Amino acid sequence: MKIPKLQIGSITASIPIVQGGMGVRVSLASLASAVANEGGIGTISSIGLGDPETSKQEYERESREALINEIRKAKKMTDGHLAVNFMGVLSNVNDLIKASIKEDIKMIVFGAGLPTKLPALVQDPSVNLVPIISSARVAELILRTWDKRYERTADGLILEGPLAGGHLGFSEEQLEHPEEYSLEKLLPDVLEVIKTYEDKYGRKIPVITAGGIYNGEDIARMFSIGASGVQMGTRFVCTEECAVSQEFKQAYLDAKKEDIIIIKSPVGMPGRAINNRFLKNLEAKGRLKIKCFFRCLTACHVDKAKYCIALALLNAYAGDVDNGLIFCGQNAYRIHKIVTVKKLIQELLAELKMVPA
Ligand SMILES: Cc1cc2nc3c(=O)[nH]c(=O)nc-3n(C[C@H](O)[C@H](O)[C@H](O)COP(=O)(O)O)c2cc1C
């Protein structure tokens, strides 16, 4: 099939691939700019850029400066399209969003929390607002609220299904039956919900699907059911440009299907990760010592938490995988080599072209 472009508000990407925002420090300037240079949309993650074991004030300053630094670095490396990913549960999310806009970021992706007040914070219409959703119900809630309160609609939606990596917008019970919540099942209802708002605002609201999309055939399948583009995370971890340690990438290469499990995150959402020594140790010990001076994630139940997730993700990024949590998508076990972003995207596009229109 012919490679379609992806239009999200004022952004037109020449290929319909968004590299998903990945924390902690997984998708930074080098990865995002490499994807943008291939014509896709590269997403910098704003998550966990400060030291979690410091004061609130210091953490906020550090993470703001680090994010600004990543954005400036990425902009030096590409003229392509860049987005920044935010989680609603971040204690300093509003500050980081404001800092990104000052740095002229034109696409804000918002997940892990309802962005009901986002249009009040981002009033510049040239900044494209893209919430992450996991159901038509959530899409309706966001779009209805934005319409009533701000007379604004979303510039795009990322529909993340149950096979994705990182925190997931599904209950543990739902994740036991991922086929019931497949993108194929979720997308038609989302497309139905957005019709009202597309009609009212006179423009398309592209839905970008995510979670378990592995090759060109998968991408083609998403187009056939009505997606406007895809967001991929896991495959971009095993690229040379991805910022995580070699040990993190090796854990992907070594993982078998049965090693990929659902965990309970201290922030109260399930997540998908590799069942490594860290998780096995945690299972045996029950709880690890936590040094928490403030809650960097507002939803974190520090009193009940079995470990500090910010620190565990940071350890994995830095290469201390035995003390680190390695988030991954359901298909991580299918990856057997580390390639450049260019090679990966060329491969995906070649596969996509081979699919009959
Ligand atoms: C290591 C890792 C970290 C992630 N961290 C985040 C995050 O901080 N915020 C977010 O919205 N999504 C996060 N995700 C989800 C991705 O952005 C993407 O939507 C998802 O992984 C797509 O599924 P796939 O991995 O099967 O391609 C993460 C995914 C991975 C693999």
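Up top you'll find the structure we're talking about.
These figures come from a predicted structure and were not determined experimentally.

Draft legend 1. Representation of the pattern of salt bridges within the structure. Applying the stated criterion across every chain, the model contains 18 salt bridges. The partner of arginine 203 in a salt bridge is aspartate 155, and the shortest N-O contact between them spans 3.0 Å. Taken together, the residues span a long stretch of sequence, with arginine 203 in the loop between helix H7 (183-201) and strand S10 (207-210) and aspartate 155 in the loop between helix H5 (136-150) and strand S8 (157-160) at a distance of 48 residues. Take arginine 203: its relative accessible area is 33%, and that puts it in the partly exposed class. Here the salt bridges share partners, and the residues they tie into one network are Glu58, Arg61 and Glu65.

Draft legend 2. Summary view of the packing of helix H1 (residues 29-37) against helix H2 (residues 56-77). Running from N to C, H1 and H2 cross one another at 35°; their axes reach a closest spacing of 9 Å. Remark: the crossing between H1 and H2 carries right-handed chirality. Contacts from Ala29, Ser30, Ser33 and Asn37 in H1 reach Glu70, Lys73, Ala74 and Met77 in H2. Across the contact of H1 with H2, the residue classes tally to 3 nonpolar, 3 polar and 2 charged.

Draft legend 3. Region of the structure containing the side chain of threonine 145. Tracing the chain through its elements places threonine 145 in helix H5. On the basis of relative accessible area, threonine 145 is assigned to the buried category, the value being 14%. In this structure threonine 145 touches Thr116 and Tyr150, once residues within four positions along its chain are discounted.

Draft legend 4. Spatial organisation of the site of the ligand. Neighbouring the ligand are 22 residues, the closest being Gly21, Glu160, Gly212, Gln231 and Thr234. Contact distances for the ligand include 2.9 Å between an oxygen atom and a side-chain N or O atom of asparagine 85. If the ligand stood free it would expose 610 Å²; the protein chains cover 95% of that surface.

Draft legend 5. Examining the sheet that holds strand S12 (residues 260-264) more closely. One open sheet holds the 3 strands; their spatial order is S9-S13-S12, and the pairing between them is antiparallel. A strand with exactly one partner marks an edge of an open sheet, and here the two such strands are strand S9 (166-167) and S12. Note: S9 against strand S13 (residues 270-274), 2 bridges, orientation antiparallel. Its bridge partner lying in S13, histidine 167 is registered against glycine 271.

Analysis parameters
- Counting starts from 1 at the beginning of each chain's written sequence and moves along it residue by residue.
- With pLDDT at 70 or above as the cut-off, local features in this predicted model cover only qualifying residues; side-chain atom pairs require 80 or more to be listed or tallied, and sums for whole chains, interfaces and linings still use all residues.
- With hydrogens and water set aside, each side-chain value is computed from the structure's full complement of heavy atoms.
- One side-chain nitrogen of Lys or Arg within 4 Å of one carboxyl oxygen of Asp or Glu is enough to make a salt bridge.
- Numbering of helices and strands starts at the N terminus; helices are DSSP runs of H or I of at least 4 residues and strands are runs of E of at least 2.
- When accessible area is computed with a 1.4 Å probe and restricted to protein chains, residues below 20% of their type maximum are described as buried, those above 50% as exposed, and intermediate ones as partly exposed.
- Lines are fitted to the C-alpha atoms to define the axes, a helix being fitted only along its stretch in contact, and any angle between axes, read from their N-to-C directions, falls within 0 to 180 degrees.
- Throughout, a crossing is termed right-handed when the near helix is turned clockwise from the far one, and left-handed when it is turned anticlockwise from it by less than a right angle.
- When checking whether two residues touch, look at their non-hydrogen atoms; a contact exists if any pair is within 4.5 Å.
- Put simply, Ala, Val, Leu, Ile, Met, Phe, Trp, Tyr, Cys and Pro go in the nonpolar bin, Asp, Glu, Lys and Arg in the charged bin, and everything else, Gly too, in the polar bin.
- Any residue with a non-hydrogen atom lying within 4 Å of a molecule or strand is treated as near it.
- Between N or O atoms, a polar contact is any pair within 3.5 Å; within protein, one atom must be a potential hydrogen donor and the other a potential acceptor, and residues adjacent in sequence are included only when both atoms are from side chains.
- Under the convention used here, a 1.4 Å probe and the Shrake-Rupley method define accessible areas, while residue burial counts only the protein chains that appear.
- Note: two strands are recorded as paired if DSSP finds a minimum of 2 bridges between them.

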